[in-house]
Amino acid sequence: MNLRNLRQIHGFASDRLRQSTSQKQIVMIYAGLALGLTALVTVLSHVLGLMMDNYGGLSNLGKRKMLSTLQSMLPMAQSLLSMCLNVGYLAAMLRIARGMYTSPQTLRLGFDRFWLLLRCSIFKGLIMSAVTFVSLYFGVMIYMMTPFSDAVVEILAPLMSQMSMLNAQLTIDDATYLLLMDTMTPAFVICGILLLVLGTPVLYNYRMTEYVIIDKPALGALAALRESKRMMRGNRLQMLKLDVSLWWYYLASLAAGVVCYGDVLLPRLGIELPVSDTVAFFGFYALYLAASFAVHLFLRNRAEVCYALAYDAVKPEEKQDSGVVLGNIFQM
């Protein structure tokens, strides 16, 4: 398999999917679990919000704090469970790409390697946080050294002149704050461009980390990151081309995501909805879940098998097939 031959990858992916008898069942279970988890977290968050509204006054401050803590922990729990489900799904698609027997049991693999996945996620988060900090730092420095910052200085100069030793607090009213944000738009653009330039290569360096964890669980988190970086050396542009060739999948995913915000977008287009805001929110959210399920069912397997084939194309050749580590007989 050659990563530079995208037509070959797409054709081989189609053949592997036709040969698999369980690929539809796997993606249906995965999509049902992942989207069901998303729906459950959304409903629970809404219920907790209603409960906090009912507990007013100082006497119920402790209850509100506890409910707020639970509400803030829900997205964290969802992200951890989704991480494990996603790796199990990738393992199933990798087995299909290799022509191996696959069953829904493969979806459990991510939970078996939870701690390794968690460490990898933490390290990747730290790396991306460092890249973001560098982008913001140099973006602000560039902004301050250009004429774009003159408008901000003109707004802040009168406010700074009103400060004294007795009153060292800088007070900004809402109108001034909005004007300040508008004048700082070039700073946001510069920081965004730097983040795109610096962050994109870093993200592509670690695109194969999950596959390395699937194939070589004995490696540590840092070793898996280094292995992915070594594989992607000289292949980042080809991976970008593969992403572009899967535009139909990303376009469909984007369209499904837009449906989720129908209750916000339609009023801005002058279309008033004859239902309450809560009903509109959950109605469009249900449509989003249905659209996302359709994208998973009809499109995602093809995209993920292509990525699995790309991984096999860039990984170093080994004397013995490492595919056996994708799971024991009870996880296939």
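Here, every reference points to the structure presented above.
Residues numbered from 1 in each chain as written. Predicted model: local features only at pLDDT ≥ 70, side-chain atom pairs only at ≥ 80, totals over all residues. Heavy atoms only, no water.

A. Region of the structure containing the overall build of the protein. Along its length, the protein carries 14 helices and 0 strands. Walking the protein from its N terminus toward its C terminus, one meets helices and strands in the order α-α-α-α-α-α-α-α-α-α-α-α-α-α. Within the protein, the fraction of its 332 residues that count as buried is 39%. Considering only residue pairs separated by 6 or more positions, the protein has 79% of its internal contacts joining residues 24 or more positions apart. Element-wise, carbon and sulfur atoms account for 68% of the exposed surface of the protein, whose accessible area totals about 19,200 Å². (Helix = DSSP H or I, 4+ residues; strand = E, 2+ residues; numbered from the N terminus. Buried < 20%, exposed > 50% of the residue type's maximum accessible area, 1.4 Å probe, protein only. Contact = heavy atoms within 4.5 Å. Areas by Shrake-Rupley, 256 points an atom, 1.4 Å probe, with all protein chains shown as cover.)

B. Broad picture of the pattern of salt bridges. The final tally for this structure, using the stated rule, is 10 salt bridges. Where Arg230 meets Glu227, a salt bridge forms, and the shortest distance between an N and an O atom there is 2.8 Å. In this pair, Arg230 and Glu227 both sit in helix α10 (residues 221-232), 3 residues apart, roughly one turn of the helix. The class of Arg230 is partly exposed, set by a relative accessible area of 43%. (Salt bridge = Lys/Arg side-chain N within 4 Å of Asp/Glu carboxyl O.)

C. Highlighting the environment of Pro75. By the secondary structure assignment, Pro75 is in helix α3 (residues 61-97). Assessed through its relative accessible area of 45%, Pro75 is described here as partly exposed. Spatially, the C-alpha atoms of Pro75 and Thr42 are 9.0 Å apart, while their sequence positions differ by 33 residues.

D. Seen up close, the nonpolar core. Core analysis: the largest hydrophobic core is formed by 54 residues, its most contacted members being Met208, Tyr211, Ile214, Met239, Leu242 and Val305. With near-sequence residues (within four places) excluded, Met239 lies in contact with Leu3, Tyr204, Arg207, Met208, Met232, Tyr307 and Ala310. (Core = buried A, V, L, I, M, F, W, Y, C linked by side-chain atoms within 4.5 Å.)

E. A look at helix α5 (residues 114-144). Over its 31 residues, α5 extends 44 Å from the first C-alpha to the last, a length consistent with the 45 Å expected when each residue adds 1.5 Å. Taken together, the buried positions of α5 are occupied by Phe114, Leu116, Leu117, Cys120, Lys124, Val131, Ser135, Gly139 and Tyr143. (Expected span 1.5 Å × (residues − 1).)

F. Inspection of the environment of Leu156 at higher detail. Along the chain, Leu156 falls in helix α6 (residues 150-161). Sequence separation of Leu156 and Thr176 is 20 residues, and the distance between their C-alpha atoms is 9.2 Å.

G. Summary view of the packing of aromatic side chains. On inspection of all chains with the given rule, the structure shows 9 aromatic pairs. Ring centres of Tyr30 and Tyr89 lie 4.4 Å apart, and the angle between their planes is 10°; this geometry places the pair in the stacked category. Here Tyr89 lies in helix α3 and Tyr30 lies in helix α2 (residues 23-54), a separation of 59 residues in the sequence. Note on Tyr211 and Tyr311: the rings are 5.2 Å apart at their centroids and 20° apart in plane angle, and the pair reads as stacked. Of this pair, Tyr211 sits in helix α9 (residues 209-215) while Tyr311 is found in helix α14 (residues 277-314), placing the two residues 100 residues apart along the sequence. (Phe/Tyr/Trp six-rings, centres within 6.5 Å; stacked < 30°, edge-to-face > 60°.)

H. Seen up close, a nonpolar patch on the surface. Together, Phe133, Val134, Tyr137, Phe138, Met141, Ile142, Met145, Val189, Ile193, Val197 and Leu198 make up an exposed nonpolar region whose accessible area comes to about 1,100 Å². Among the secondary structure elements, those contributing two or more residues to the nonpolar patch are α5 and α8 (185-205). With 6 residues, the top contributor of residues to the nonpolar patch is α5. Within the secondary structure layout, Met145 lies in the loop between α5 and α6. Classification of Met145 by relative accessible area gives exposed; the value is 65%. (Patch = residues over 30% accessible without salt bridge, like charges linked within 9 Å, V, L, I, M, F, W, Y side chains within 5 Å.)

I. The side chain of Ser292, seen in detail. For Ser292, the location among the structural elements is in helix α14. Owing to a relative accessible area of 6%, Ser292 belongs among the buried residues under this scheme. In contact with Ser292, other than residues within four places in its own chain, are Leu35 and Ala256.

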